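Letter by letter, the chains look like this.
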Amino acid sequence: MNEQEHIIETFSEMALRYEKLMNSELSRFWGIDYYGFIAEVLGETKTSATDNIIDIATGTSFIPRFLTAEKKAAKSITGLDLTYDMLLNGKKLLAEEGNSGHINLVCASAHAMPFMSGSFDIAICCLATHHMSVTHLLKEIHHAIKPGATFYIGDVGGSVKWKIGFVRVIIKALAFLYFLFTENYSRAKAESGAVANVMTSKEWHNRIKENGFENISIREIKSSRFWTPNPVIIHATKRMEE
C-alpha cells in the first residue's frame, strides 16, 4: 500500500467521527476547539459575492459550512479532498444544514488538482499540510489561484529541534505510540509518518517565497500545552504576473 492509499484508508475510517475527533484532539493538544481554530485562521478573511473559493483537504466540508455560517460571501466554494468517504459525510452534513448549491465537493488529490489556471480567488488548507508534500501543494495552489489572490493555511508548526535526527526519531516514535493507543495502527502510521512534513516558520517562509508568493504572514498561536508545538497560521498572495 502506497502512502496515498494509506491516507485514504486512515481518513475513510475516521469520516463519520472526524469533526468530534478534531474537537477533542485540538482541545487536548492546543487548548482550542475545531471551530475556534478555523475562526483564528479565517476570522478576518474578506470575501466578495464574486469570489470563487477552494478549500483543499476539505474533509467533511467543515470550512465551506463555516464560511456560510459566518456569512462570508462567495460565488462558489469548492471543497476538494482525496477521501471519498469524508466527502460523502460532508455532503450529508451540507444537506442537513440546508446549505445552498454554491458549495461543490470534488474528490481529487491536492498534488494534482483538476482545475484550470487562475480558477480561484481564495485558497484555504487547514490541518492537512503535514500529510502532504508542501512543495507540490504550493505549486498546485499557485496554479489554481489568480495573480494577486490569497491563500490561507493553518496547521501544526515545527521546532528547529525537530530537524535533529535522533529528536525526529523520538517524536515519530511518540506520535506512533500515542495514536496507536488512542486510535489504531492506521492512524498511528499516518501521524508518525507526517512528522517529516512539519516545518518551522522560517522553512514555511522560504518555501512560500520560492514558489511565487509575496506578502507572507506567518503567525504562531501559543499552545496551552507546554508539550505540544504551536500551530501556525499563514497568509500569502500570488505575485502579480509581469
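Everything numeric here is computed off the predicted structure, so don't read it as measured data.

### Concerning the side chain of serine 76
Reasoning step 1: Tracing the chain through its elements places serine 76 in strand 2 (residues 76-81).
Reasoning step 2: A relative accessible area of 14% places serine 76 in the buried class.
Reasoning step 3: Excluding residues within four positions of it along the chain, serine 76 makes contact with Asp51, Asn52, Ile53 and His102.

### Observations concerning unusual backbone geometry
Phi is mostly negative for residues that are not glycine, and the peptide bonds are mostly trans.
Reasoning step 1: Even without glycine at this site, alanine 57 takes up a positive phi of about 60 degrees.
Reasoning step 2: In this structure, asparagine 215 takes a positive phi of about 50 degrees despite not being glycine.
Reasoning step 3: Tracing the backbone shows asparagine 215 in strand 6 (residues 213-220).
Reasoning step 4: Judged by relative accessible area, asparagine 215 falls into the exposed class, the value being 58%.

### Here we look at the packing of aromatic side chains
Reasoning step 1: As enumerated under the stated definition, the model contains 12 aromatic pairs in all.
Reasoning step 2: Measuring from centroid to centroid gives 6.5 Å for phenylalanine 29 and phenylalanine 179, while their planes differ by 75 degrees, and the two rings are edge-to-face. Placement of the pair is phenylalanine 29 in helix 2 (residues 18-30) and phenylalanine 179 in helix 7 (residues 165-182), with a sequence separation of 150 residues. In terms of burial, phenylalanine 29 and phenylalanine 179 fall into one category: buried.

### With respect to the nonpolar core
Reasoning step 1: By size, the foremost hydrophobic cluster in this structure holds 43 residues, and its most contacted members are Phe37, Ile38, Leu42 and Ile124.
Reasoning step 2: Examining the composition of this core, we find that six residues originate from one element, helix 2, more than from any other.
Reasoning step 3: With residues up to four places along the chain from it excluded, the contact list for leucine 42 reads Ile63, Phe66, Leu67, Lys72, Ile124 and Tyr152.
Reasoning step 4: In terms of nonpolar packing, the next biggest core, distinct from the first, is built from 28 residues, Phe115, Phe120, Met132 and Leu137 among them.

### Section: a nonpolar patch on the surface
Reasoning step 1: On the surface, Ile164, Phe166, Ile170 and Leu174 cluster together into a nonpolar patch covering about 410 Å² of accessible area.
Reasoning step 2: Examined against the element boundaries, isoleucine 164 turns out to sit in the loop between strand 5 (145-156) and helix 7.

### A look at the state of the cysteines
Reasoning step 1: Counting across every chain of the model gives zero disulfides.
Reasoning step 2: Cysteine 107 forms no disulfide, and the closest cysteine sulfur to it belongs to cysteine 125, at a distance of 15 Å.
Reasoning step 3: On the basis of relative accessible area, cysteine 107 is assigned to the partly exposed category, the value being 42%.
Reasoning step 4: With no disulfide of its own, cysteine 125 lies 6.9 Å from the sulfur of cysteine 126, the closest cysteine sulfur.

What counts and what doesn't
- Residue numbering note: each chain is counted from 1, following its sequence as written.
- Note on the predicted model: pLDDT of at least 70 is required for a residue's local features to be given, and 80 or more for side-chain atom pairs to be given and counted; whole-chain, interface and lining totals, by contrast, use all residues.
- Only hydrogens and water are set aside; all other atoms, that is, all heavy atoms of the structure, feed into the side-chain values.
- Helix and strand definitions follow DSSP, with helices as H or I runs of at least four residues and strands as E runs of at least two, each counted in order from the N terminus.
- Partly exposed describes any residue whose relative accessible area lies between the buried limit of under 20% and the exposed limit of over 50%, with all areas from a 1.4 Å probe on protein chains only and scaled to the type maximum.
- By definition in these notes, contact holds between two residues if any of their heavy atoms fall within 4.5 Å.
- Each Phe, Tyr or Trp ring, with Trp reduced to its six-membered ring, pairs with another whose centre is within 6.5 Å; inter-plane angles below 30 degrees give stacked pairs, above 60 give edge-to-face pairs, and intermediate values give tilted ones.
- For the purposes of this section, nonpolar cores are sets of buried Ala, Val, Leu, Ile, Met, Phe, Trp, Tyr and Cys residues that join through side-chain atoms within 4.5 Å.
- Nonpolar side chains (Val, Leu, Ile, Met, Phe, Trp, Tyr) are joined into patches within 5 Å and like charges within 9 Å, using only residues with over 30% relative accessible area and no salt bridge.
- Methods summary: accessible areas were calculated by the Shrake-Rupley approach with a probe of 1.4 Å, and residue burial reflects only the protein chains presented.
- Any carboxyl oxygen of Asp or Glu that lies within 4 Å of a side-chain nitrogen of Lys or Arg is treated as forming a salt bridge with it.
- Throughout, a disulfide means two cysteine sulfur atoms within 2.5 Å of one another.

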